[in-house]
Amino acid sequence: MNKMTRGLSYLMGASFEAVALVIGAALAGKWLDTNYPQGFRWISITMPFCLLVIAHTFYVVLRAVVRLEKSEDEQRGKGDGL
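Residues numbered from 1 in each chain as written. Predicted model: local features only at pLDDT ≥ 70, side-chain atom pairs only at ≥ 80, totals over all residues. Heavy atoms only, no water.

Asker: Mind showing me how you'd approach the overall build of the protein chain here?
Answerer: Secondary structure assignment for the protein chain yields two helices and zero strands. Compactness check: the protein chain gives a C-alpha radius of gyration of 19 Å against a globular reference of 12 Å for 82 residues, more than 25% above the reference. Principal-axis analysis of the C-alpha atoms gives the protein chain an extent of 65 × 20 × 10 Å. In the protein chain, buried positions account for 18% of the 82 residues. Here the analysis covers contacts within the protein chain between residues at least 6 apart in sequence; of these, 70% occur between residues at least 24 apart. (Helix = DSSP H or I, 4+ residues; strand = E, 2+ residues; numbered from the N terminus. Rg over C-alpha atoms; globule rule 2.2 N^0.38 Å. Buried < 20%, exposed > 50% of the residue type's maximum accessible area, 1.4 Å probe, protein only. Contact = heavy atoms within 4.5 Å.)

Asker: Even after reading the chapter, I still don't get the pattern of salt bridges, so can you show me in this structure?
Answerer: Side chains carrying opposite charge are able to pair once their charged atoms draw close together. For the structure on display, the rule yields one salt bridge. Measuring nitrogen to oxygen at the nearest pair gives 3.8 Å for the salt bridge that ties D33 to R41. Classification of R41 by relative accessible area gives exposed; the value is 57%. (Salt bridge = Lys/Arg side-chain N within 4 Å of Asp/Glu carboxyl O.)

Asker: Would you mind showing me how to read the side chain of T57 here?
Answerer: Tracing the chain through its elements places T57 in helix α2 (residues 43–79). Residues contacting T57, with those up to four places away along its chain left out, are A14 and E17.

Asker: Please clarify how a nonpolar patch on the surface should be interpreted in this entry.
Answerer: Together, L8, L11, M12, F16 and L62 make up a nonpolar patch on the protein surface, roughly 510 Å² of accessible area in all. When residues in the nonpolar patch are grouped by element, the largest group, four residues, is from helix α1 (residues 3–35). Along the polypeptide, L62 turns up in helix α2. (Patch = residues over 30% accessible without salt bridge, like charges linked within 9 Å, V, L, I, M, F, W, Y side chains within 5 Å. Areas by Shrake-Rupley, 256 points an atom, 1.4 Å probe, with all protein chains shown as cover.)

Written as structure tokens, this is what we have:
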């Protein structure tokens, strides 16, 4: 498999994970509101946590894609005789 195709699949997987996390945070907030009522809405706690996890996931994925591109550039450089 091409390395950039692998990077694109990582990015697509992170997008699906982000959607699942947002839906999960909304459902968890609703469940917590029903079973553990407080003076605040639980979604105000679960959603920022969810967004933090999504930001971390995209950071890791983009770092992996950059690493794949650097390794591909190094391999091209070796093949050119430089």
